[in-house]
Amino acid sequence: MKIDLTDTTASKINKALVQGRRALGAPAVGMVLTLVVVTDEENAYDAMKAASEASHEHPARLIVVIKRHARSPRDRTQSRLDAEVRVGADAGAGETVVLRLYGEVVNHAQSVVLPLLLPDAPVVVWWPVNAPLDPAKDPLGALAQRRVTDTYAAEDPVGELRALSDAYTPGDTDLSWTRITPWRSMLAAALDQVSCQVKAVEVEGEEFNPSCELLAMWLAERLDVPVRRLRSAGPGLTGVRMDTSCGRITLDRADGTLATLGIEGQPDRQVALKRRETSELIAEELRRLDPDETYAATLQYGVDRLYAGADAAEVFGGKGAEGVPAEGVPAQNASGDGDAEAVSVPEEDVVKGPAKRTAKRGPAVKRAAAK
C-alpha cells in the first residue's frame, strides 16, 4: 500500500502511517529500530532496495531522506516537503517513508525526521554516498546510536579514512569494514591452527578499495608486524599472504567467490568467500548496536602509520601483485636470473602502496613497539 503526500508535514505523515496500518489490519507497531537513509535521487532506489531486504531480518521503520537542491535562487527560497508512505508488501517487513526535501528545509532535515522516529527504539543512520567527514556532528547523525558510512563510494577513499579516524566517535562504522568480516574470521581461524610467529604480511586488492587498507591496518594493529598493501585487478580483495616462522600462510581469492587457504605442511583448502550484497552488509551492522571497539582501534591505527611501517617488501622478495616488483626493490639482475642484490632505498622514497598515491602524503609515523 502506497500513500503519496505533496507539500505535507510530519504530522500528516504520521497520520498516514496509522491509516495504512489500520487498512492492512495491523494497528500495532512491531518494529525494533528506525533506519534513516540519507541519499540522493540517483542512489535512492538501490539504497531503499538494500534496506528493505535487510528489514526482513530486522523489522524497522525505514526513513529515506532525499535532499533535492533547486537550480534557481527563487526556488531555493521556497520550502516544500513531499512524502511517500509505504506499508505492507511494498515496505518489506516494516514501514517505509520516503521524504523529498526542497528549499530551505534541506538544511533542517533533522526537524522533519525527529517526529517520525519510533519511540524508545534505537536509531541507525546510513549514508550510502556523500557521507559527512564527522558523522556524529551531522544533525541527522546526532539523532542516532549507530552511524554507518561507506568509504568505498568516496572519491578519495584513503583520504576519507584519515578524516574518519580524526573524527571517530563511538558508534561510527563503515561498510568497507563490514566487507572484510569473512576475511578476518578466516585469517584468525588459520592462525589458530598453527603455533608460529608472524613476521610480515601482504594484503592484495584492487586500487581505490578502502577494505584493503582496513584489513591491512587490522593485521598491523593486532599482529604488530609490517603489512604491505599491493594492487591487483580485483575484484575487491584478492589475497593475503603471511610470512611466519613455520612457513607461508596464504588466502587467495581470484574470482570474488571461492578462495584457497594454504598453510605450510597442510593441503590447500577451498573456502567460500563470496562478495556480499549491500543488504547483507546492512543486516550485519544492525545485529549489534553497541560501539565496535575493534573497528575503532583499526581506524585509529592510521593509514600513514601503516605505510610508514610497511617494510615487508624485502621479506617477500620485493614481488608485488601479478608478479610486478615493488618500486625501489629489484626482483632480478640484468641477466634475469633473479639473484639481484638488495639495494638500500630511503624509506621516504619507497611507495608503500598504490592507494598512497591517491591521497595527500601524511607525516611519517614510526611503528609502535611490541605490545
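Caption draft 1: Up close: the state of the cysteines. In the structure shown here, the tally under the stated rule is one disulfide. Sulfur-sulfur distance for the disulfide between Cys-196 and Cys-246 comes to 1.9 Å. When the S-S torsion is -110°, as for the bridge of Cys-196 with Cys-246, the disulfide is left-handed. Pair noted here: Cys-196 is in the loop between α7 (181-192) and β9 (198-206) and Cys-246 is in the loop between β11 (237-244) and β12 (247-252), with a separation of 50 residues, a long-range link. A relative accessible area of 39% places Cys-246 in the partly exposed class.

Caption draft 2: Structural context of unusual backbone geometry. Residue Pro-235 is bonded to the preceding Gly-234 through a cis peptide linkage, with omega at 5°. Looking at the secondary structure, you find Pro-235 in the loop between β10 (227-232) and β11. We note that Asp-7 has phi near 50°; this positive angle belongs to a residue other than glycine. Although it is not a glycine, Asn-130 adopts a positive phi angle of roughly 55°.

Caption draft 3: Representation of the sheet that holds strand β6 (residues 123-126). A sheet is described by the order of its strands in space; here eight strands give the open sequence β1-β4-β5-β3-β2-β6-β7-β8, paired in mixed fashion. In the strand order of this sheet, the two ends are held by β1 (2-5) and β8 (172-174), each with one partner. Neighbour-to-neighbour, the strand axes of this sheet turn through a mean angle of 15°, independent of strand direction. Pairing analysis gives three bridges linking β6 to strand β7 (residues 146-149), with the strands arranged parallel. Following the sheet pairing, Val-124 is matched in β7 by Arg-146.

Caption draft 4: How the structure looks around the nonpolar core. Val-201, Val-203, Leu-215, Leu-219, Val-227 and Val-240 are the most contacted members of the largest nonpolar core, which has 40 residues in total. The greatest single-element share of this core, amounting to eight residues, is contributed by helix α8 (residues 210-223).

Caption draft 5: The arrangement of α7 in detail. For α7, spanning 12 residues, the distance from its first C-alpha to its last is 17 Å, which sits close to the expected 16 Å at 1.5 Å a residue. Of the residues making up α7, those classed as buried are Thr-181, Trp-183, Arg-184, Leu-187 and Ala-190.

Caption draft 6: Region of the structure containing the packing of α7 against α8. Interhelical geometry of α7 versus α8 gives an angle of 35° and a closest axis separation of 11 Å. In the crossing of α7 with α8, the sense of the turn from one axis to the other is right-handed. Here Trp-183, Arg-184, Leu-187 and Leu-191 of α7 lie close against α8, whose contacting residues are Leu-215, Trp-218, Leu-219 and Leu-223. Residues of the contact of α7 with α8, tallied by class, amount to seven nonpolar, no polar and one charged.

Caption draft 7: Structural view of the packing of aromatic side chains. Overall, the coordinates contain two aromatic pairs when judged by the stated rule. Judged by centre distance (6.1 Å) and plane angle (65°), the ring pair of Tyr-168 and Tyr-295 falls under edge-to-face. You can see Tyr-168 sitting in the loop between α5 (157-166) and β8 and its partner Tyr-295 sitting in helix α10 (residues 293-301), a full 127 residues away along the chain. An angle of 55° between the planes, with centres 5.6 Å apart, marks the rings of Trp-177 and Tyr-295 as tilted. With Trp-177 in helix α6 (residues 175-178) and Tyr-295 in helix α10, this pair connects stretches of sequence that are 118 residues apart. Across this residue pair, the class does not change: Trp-177 and Tyr-295 are buried.

Caption draft 8: Layout of the side chain of Thr-244. Inspection of the secondary structure puts Thr-244 in strand β11. A polar contact of 2.5 Å, which involves the side chain of Thr-244, links it to the backbone oxygen of Gly-247. Filtering out sequence-adjacent residues up to four positions away, Thr-244 remains in contact with Cys-196, Gln-197, Val-198, Lys-199 and Ile-249.

Caption draft 9: Structural detail: the sheet that holds β10. Strand order across the open sheet formed by six strands is β10-β9-β11-β12-β13-β14, with mixed pairing between neighbours. In this open sheet, the two strands that pair with only one neighbour each are β10 and β14 (269-272). On average, each strand axis in the sheet is tilted by 20° relative to the strand beside it, whichever way the strands run. Those strands touched by α7 are β9, β11, β12, β13 (258-263) and β14, and its axis lies near 25° from that of β11. In the packing of α8 onto the sheet, the strands contacted are β9, β10 and β11, and the crossing angle to β9 comes to about 170°.

Cut-off values and rules
Numbering of residues begins from 1 in every chain and follows the order in which that chain's sequence is written. Given that the model is predicted, a residue must reach a pLDDT of at least 70 before its local features are reported, and side-chain atom pairs must reach 80 or more before they are shown or counted; all residues, however, enter totals for whole chains, interfaces and linings. In computing side-chain properties, one takes all heavy atoms of the structure into account and sets aside hydrogens as well as water. Count a disulfide wherever a pair of cysteine sulfur atoms falls within 2.5 Å. Strands here mean DSSP runs of E at least two residues long; helices mean DSSP runs of H or I at least four residues long; both are numbered from the N terminus. Categorising residues by exposure relies on relative accessible area from a 1.4 Å probe, with only protein chains included: less than 20% of the type maximum marks a residue as buried, more than 50% marks it as exposed, and the intermediate range marks it as partly exposed. Here a strand pair is declared whenever DSSP counts at least two bridges between the two strands. Orientation is described by lines fitted to C-alpha atoms, with helices fitted over the stretch in contact, and by angles between N-to-C directions that extend from 0 to 180 degrees. The criterion is simple. A nonpolar core is a set of buried Ala, Val, Leu, Ile, Met, Phe, Trp, Tyr and Cys residues joined through side-chain atoms within 4.5 Å. Helix span is expected to be 1.5 Å times the residue number reduced by one. The handedness criterion is simple: a crossing whose near helix is rotated anticlockwise from the far helix by less than a right angle is left-handed, and one whose near helix is rotated clockwise is right-handed. Between two residues, a contact is recorded if the distance between any of their heavy atoms is within 4.5 Å. Residue type decides the class: Asp, Glu, Lys and Arg count as charged, Ala, Val, Leu, Ile, Met, Phe, Trp, Tyr, Cys and Pro as nonpolar, and the leftover types, Gly among them, as polar. Two rings from Phe, Tyr or Trp (for Trp, the six-membered ring) form a pair when their centres are within 6.5 Å of each other. A pair whose planes differ by under 30 degrees is stacked, one over 60 is edge-to-face, and the rest are tilted. Distance and chemistry together define a polar contact, namely a pair of N or O atoms within 3.5 Å, with one atom able to donate a hydrogen and the other to accept it when in protein, and with adjacent residues in sequence counting only for side-chain atoms on both sides.

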